[in-house]
Amino acid sequence: MAVNAETITDSTNQKFTSLLQSDALYQYILETSVYPREPEPLKELRGVTATVERSHMATTAHGGQFLNMLLKLVNAKNTMEIGVFTGYSLLSTALALPDDGKILAMDINRENYEKGLPIIEKAGVAHKIDFKEGLALPILDQMIADKTCHGKFDFIFVDADKDNYINYHKRIIDLVKVGGLIGYDNTLWKGSVATPPDAPIPPYVQYYKAFILEFNKALAVDSRIEICMVPLGDGITYCRRIH
Ligand code: SAM
Ligand code: CA
């Protein structure tokens, strides 16, 4: 797999990458089954996100569509998201949850969240979101110290600093309920996980690659979960807690 994943420009002129081997195939998916079904607020949020620095960090419309369906399939009600950015995955989640559903959302940066917030409010789902500004680890540690938080979450989506994924896992495995689901985003890390150690890749990709490789190995031998690495977007590993 090429480390330079395909770069694609979508209808809002947003650039992002796909691990698919062909631009045309990805475009086909988007044009045929994603964009025509994308809810208006998500379309609007994608447009706003395209104007923000590092807009490539946002979950794609295809990723959001998958997330939305998955949440409905597992009847998720109480959820958590680590790494919000402008809120594309957050709004995809909020639109999937029942009216009394909850999302504990965390990010060190409130400014980007606030760029998407008016759209989330207009969509009528802001009441489901409890946004906490700050580093995720101390917030998780507080919840670990409070036994009432254990096993409380139906679904947790992790999409923040990749060098902390293993630290997040050590904590959220106790916060998700038995039978609940955790999604770790970017676990194929731009295809770099399958490239030789001396492959010429950008320094930031190289830096996080080591952490993602270790993390993927750790998940593969963790007997508390069942896993499935889904090659959608930049790769998402879904973990179902079994005990
Ligand atoms: N899930 C978002 C979406 O769908 O658009 C994308 C999230 S973006 C890839 C990663 C986010 O994680 C950034 O907004 C960044 O500020 C946040 N972040 C990075 N390190 C963090 C930390 N230690 N604790 C909380 N958030 C963090
Ligand atoms: Ca991501």
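Residues numbered from 1 in each chain as written. Chains lettered and ligands numbered in written order. Predicted model: local features only at pLDDT ≥ 70, side-chain atom pairs only at ≥ 80, totals over all residues.

Looking at an unreviewed UniProt entry, the protein carries the name Caffeoyl-CoA O-methyltransferase, with the source organism given as Ambrosia artemisiifolia. For the protein, the Sequence similarities (unreviewed entry) comment in UniProt is given as "Belongs to the class I-like SAM-binding methyltransferase superfamily. Cation-dependent O-methyltransferase family." Listed under Pathway (unreviewed entry) in UniProt, the entry text for the protein is "Aromatic compound metabolism; phenylpropanoid biosynthesis." (UniProt positions renumbered as here; feature names shortened; annotations may be inferred.)

A. Structural context of helix α6 (residues 136-145). Among the residues of α6, Ala136, Leu140 and Met143 are the ones counted as buried. When α6 is viewed along its axis, its buried side chains cluster within an angular range of 55° and face the same direction. Those residues of α6 that are exposed and angled more than 90 degrees off the buried face are Pro138, Gln142 and Ala145. Where α6 is buried, its residues touch β3 (78-82), β4 (102-107) and α7 (165-175). (Buried ≥ 20, exposed ≤ 12 C-beta atoms within 10 Å, placed from the backbone. Helix = DSSP H or I, 4+ residues; strand = E, 2+ residues; numbered from the N terminus. Arc of directions from axis to C-beta. Contact = placed C-beta atoms within 7 Å.)

B. Structural context of the nonpolar core. Residues Leu91, Ala94, Ile156, Val158 and Ile182 are the most contacted members of the largest nonpolar core, which totals 53 residues. When residues in this core are grouped by element, the largest group, 6 residues, is from helix α4 (residues 88-96). Setting aside its immediate chain neighbours within four residues, Leu91 contacts Pro41, Leu42, Leu45, Gly116, Ile120 and Ala123. (Core = buried A, V, L, I, M, F, W, Y, C linked by C-beta atoms within 7 Å.)

C. Local environment of the packing of helix α3 (residues 61-73) against α4. At a minimum axis separation of 8 Å, α3 and α4 run at an interaxial angle of 35°. Seen from above, α3 lies across α4 with right-handed handedness. Facing α3, whose interface residues are Gly64, Leu67, Asn68, Leu71 and Lys72, α4 presents Tyr88, Ser89, Ser92, Thr93, Leu95 and Ala96. Here the residues of the contact of α3 with α4 sort into 5 nonpolar, 5 polar and 1 charged. (Axes fitted to C-alpha atoms, helices over the stretch in contact; angles between N-to-C directions. Left-handed = near helix turned anticlockwise from the far one by under 90°. Nonpolar A, V, L, I, M, F, W, Y, C, P; charged D, E, K, R; others polar.)

D. Looking closely at the site of ligand 1. Near ligand 1 you find 21 residues, and of these Ala58, Thr59, Gly83, Ser89 and Ala160 are the closest. Looking at the shell around ligand 1, the elements that each hand over two or more residues are α4 and β4. Class assignment for the residues of the shell around ligand 1 results in 11 nonpolar, 7 polar and 3 charged. (Near = placed C-beta within 6 Å.)

E. Main features of the packing of helix α2 (residues 40-49) against helix α5 (residues 110-122). At their nearest, the axes of α2 and α5 sit 10 Å apart, and the two run at 170° to each other. Overall, the two elements α2 and α5 adopt an arrangement that is roughly antiparallel. Note on element contacts: α5 touches α2 through Lys115, Gly116, Ile119 and Lys122, opposite Pro41, Glu44, Leu45 and Val48. Per-class residue counts for the contact of α2 with α5 are 4 nonpolar, 1 polar and 3 charged. (Parallel < 35°, antiparallel > 145°, perpendicular 65-115°, else oblique.)

F. Focus on the sheet that holds strand β6 (residues 153-158). Pairing is mixed across the open sheet formed by 7 strands, whose spatial order is β5-β4-β3-β6-β7-β9-β8. This sheet does not close on itself; its edge strands, each paired only once, are β5 (129-133) and β8 (225-230). In this sheet, adjacent strand axes meet at a mean angle of 15° when their direction is disregarded. Pairing geometry for β8 and strand β9 (residues 236-241), over 6 bridges, is antiparallel. The residue bridging Met229 from the neighbouring strand is Thr237, located in β9. (Pairing = 2+ DSSP bridges.)

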